[in-house]
Amino acid sequence: MTVIEIRNVYKSFGSNNVLNDLSLTIKKGSIFGLVGINGAGKSTLLRLISGVYRCDQGSIHIEGERVFENKHIKEKIFFLPDDPYYAYNLTGLELKNLYGSYYDLDEALLYKHLDTFKLDIQKPIHNYSKGMKRQLFISLAIACKPQYILLDEVFDGLDPLARLHFKRAIIELSTNHQSTIIISSHALRELEDICDSYGLIDHQTIVSEGEIASILSDMYKFQVAFKKEVSRKDFKDFDVKSYSVEGKIIKIAIKGNKDTFLKYIESFDPILIDEINVSFEDLFIKEVEARGYLK
Amino acid sequence: MKYLKQNYKRMIKPVVFLVIIGFLVYVLPILIGNVEDKLNSSGMPYSGASNVAVLAIYLIGVAIFIPIYEFSVLKTKRGADLYYSLPINKKTLYTTLYVKGLIELTTAYVLVFILGITTTFIKGYPFNYVYYLPLFFGLLVGLILYYSFNVSVFLRSNSTIDGALFVVGYTFIPAMFYLSIISMVAAFNPQIPYLKIDGYRGFNSPTLLLYHIGMYLASFVERATSYQPGSHHIMSGIWAGISVAAILLTLFNTKYDKPEDIQQISRSWFGYKTLIPIAQFSFIVGISFFDIPALLVYAFIITAVSYVGYVIYERKFIISLYSFITLLSVGVISTIISILESL
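Keep in mind that this is a model prediction, so the values were computed, not measured.

Draft legend 1. Summary view of the overall build of chain B. When helices and strands are counted, chain B shows 12 helices and zero strands. In chain B, the succession of α and β elements from N to C terminus is α-α-α-α-α-α-α-α-α-α-α-α. On C-alpha atoms alone, chain B measures out to a radius of gyration of 22 Å, which is about the 20 Å that the 2.2 N^0.38 rule sets for 343 residues. Out of the 343 residues belonging to chain B, those deemed buried represent 52%. A sequence separation of at least 24 residues applies to 80% of the contacts in chain B between residues at least 6 apart. Total accessible area on chain B is roughly 16000 Å²; 73% of this is exposed by carbon and sulfur atoms.

Draft legend 2. Local environment of the pairing of strand β4 (residues 57–62) of chain A. Residues and elements named next belong to chain A. Summarising the sheet, strand β1 (residues 2–13) and β4 pair through five bridges and their orientation is antiparallel. Paired with Arg 7 across the strands is Ser 59, a residue of β4. Where β4 folds back on strand β5 (residues 65–66), the antiparallel hairpin that results is connected by two residues, among which Glu 63 adopts a positive phi of roughly 50°.

Draft legend 3. Local environment of unusual backbone geometry. Of note in the backbone geometry, A:Glu63 takes a positive phi value of approximately 50° without being a glycine. A:Glu63 sits in the partly exposed class, given a relative accessible area of 34%. Backbone geometry at B:Gln263 places phi at a positive 75°, although glycine is not the residue there. Tracing the backbone shows B:Gln263 in the loop between α9 (232–252) and α10 (272–286).

Draft legend 4. Region of interest: empty space enclosed by the protein. Applying the stated criterion across every chain, the model contains two cavities of 30 Å³ or more. Put simply, the largest cavity is a space of about 50 Å³. Lining the largest cavity are A:Gly51, A:Val52, A:Phe68, A:Glu69, A:Lys74, B:Tyr83, B:Tyr84, B:Ile88, B:Asn89, B:Lys90 and B:Leu93. Contributions of two or more residues to the lining of the largest cavity are made by α4 (77–85) and α5 (90–123) of chain B. Within the lining of the largest cavity, the residues separate by chemical class into six nonpolar, two polar and three charged. Size it by volume and the second largest cavity reaches roughly 30 Å³. Along its surface, the second largest cavity is lined by A:Arg47, A:Val52, A:Tyr53, B:Lys77, B:Ala80, B:Asp81 and B:Pro259. Per-class residue counts for the lining of the second largest cavity are four nonpolar, no polar and three charged.

Draft legend 5. Region of interest: the interface of chain B and chain A. Of the residues lining the interface, 25 residues belong to chain B; the matching set on chain A comes to 31 residues. Of the roughly 2600 Å² buried at the junction of chain B and chain A (both faces included), carbon and sulfur atoms supply 54%. For the chain B face of the interface with chain A, the top three residues by lost area are B:Arg78, B:Pro87 and B:Glu260, together amounting to 27%. Counting the contacts that link chain B with chain A gives three salt bridges.

About the cut-offs
- Residues numbered from 1 in each chain as written.
- Chains lettered and ligands numbered in written order.
- Predicted model: local features only at pLDDT ≥ 70, side-chain atom pairs only at ≥ 80, totals over all residues.
- Heavy atoms only, no water.
- Helix = DSSP H or I, 4+ residues; strand = E, 2+ residues; numbered from the N terminus.
- Rg over C-alpha atoms; globule rule 2.2 N^0.38 Å.
- Buried < 20%, exposed > 50% of the residue type's maximum accessible area, 1.4 Å probe, protein only.
- Contact = heavy atoms within 4.5 Å.
- Areas by Shrake-Rupley, 256 points an atom, 1.4 Å probe, with all protein chains shown as cover.
- Pairing = 2+ DSSP bridges.
- 1 Å grid on protein atoms, 1.4 Å probe; cavity = no way out; pocket = protein on both sides within 12 Å on 5 of 7 lines; lining within 4 Å.
- Points joined across faces, edges and corners; volume = space filled by probe spheres on them.
- Nonpolar A, V, L, I, M, F, W, Y, C, P; charged D, E, K, R; others polar.
- Buried area = accessible area lost by both parts, 1.4 Å probe.
- Salt bridge = Lys/Arg side-chain N within 4 Å of Asp/Glu carboxyl O.

Rendered as structure tokens:
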């Protein structure tokens, strides 16, 4: 069931168009990875969905209701920006009180996560390290048990153990509480671990979206060594998603029928054929390469 | 309300800070003062003996400080991300912060006032103590109105610095403008029906809401008659009306406030766009008492300073054509007026 519906959204800051005719739908209980190069408009989109900003044109509906200035819907949303605010000298406890004024905060759950992260919330937040601050805000976000969590660059500053704990907590929230989670990040491997769907923003709009597993299952990547020289032209009949050459070894990713491709490649009498796992990172690189980046 | 209850502890610090300042500037001089030094030859307190002028100036400072302290959080991108994403609409958000600031400043005021009157009484100053009651309520009303005005002005900005400059600008620039109008009327004596100038060259800005009310009611406390209110009863009434209208518009008409504008140039008509040309005009017209060569030099300096104002406003050295034309035309027109006045 679609719960977040973004229709033909435009947003600009002065003469700078950030989002242009962007449309997107997100299903209930989904963990959605929002990806894109720096400055693509990911944070702006999250601010629009959370009701911080208002669209210049178009609409954003959650559960069929407009979000902007809608207290009823915003009670179900927790937005964690990439650089969250805290007043100077504010302690974690005071921050808990602030969020507790607006959300139905589960203190037991909060203290469980704080205990895991070994955080002392009596201390002023400015004394925390970057990762500790992130852990505190993540704990608060999870403890509020919102229906919608919007997380911007959430893996920044988290150590591998904290990342693991966070990913488990997010999956638990999505599974047990049916929360819909949108995560914007450049940590594509982490996103691949937890996200079921994704959207790629480029040129002010969503250029690619879908279910990660389904898209990746339709893609194959091979490492092949040939006796004779081959070129990309030799694979023109296939939907080649990426192609690179290192000496006599080529790495090629294709979309389509794996068996047909393998039969074709065997006609070149290769020395070696290895199938490599296609990752979300490969998909991302393929998409941004296709759009003229990384050249 | 829940927010205020949960965060009452964070109100203690600013209140303590303000009470300490209030004690140092208002109460301490009363405490260490000599009663005999406050009396004239007939044994009565002279005008100003109650130190209320200092109290009023202190309250002006408080009413400038609290809006900046409370609302600056909304003028940072990080603060906006937090507060505008919370399940609270802008009207409630503004009202909550407004009430929080109101609690802080009234608490500080009440404590400083009580400390002041207690000290005055213990020291045995021969004042008419009954009149401290209207003085208390008069200053309280003035304080709330002036605070409300400053909140409205501050919220027209897109950054804390711009907001602070707007608030400070509105403290001085209307007074300069008022004086320039009076000097023009006095010089050219236009025969405009109903236009009467009482000749009172006081400091006519929203600060009248505290200074005038304080000084006027203090004259009853002191049994002194030397304070001349002039047109300030009327002007205080006008500023009170403006303050009420400003705060109502600010709290109930929030649709023009966009979090996405935060840290952008503050283009409000209630900010630099109006304050800079008015300040430039007022200062140049106000220096008509100089001879013409000196007047031209000072007019040039004032125009150069106004250019700096536009640089601060637009955050670039090459200002927009609109600002440049405004700067030049205001400079030329006000210089001509000033020269004509000086003749």
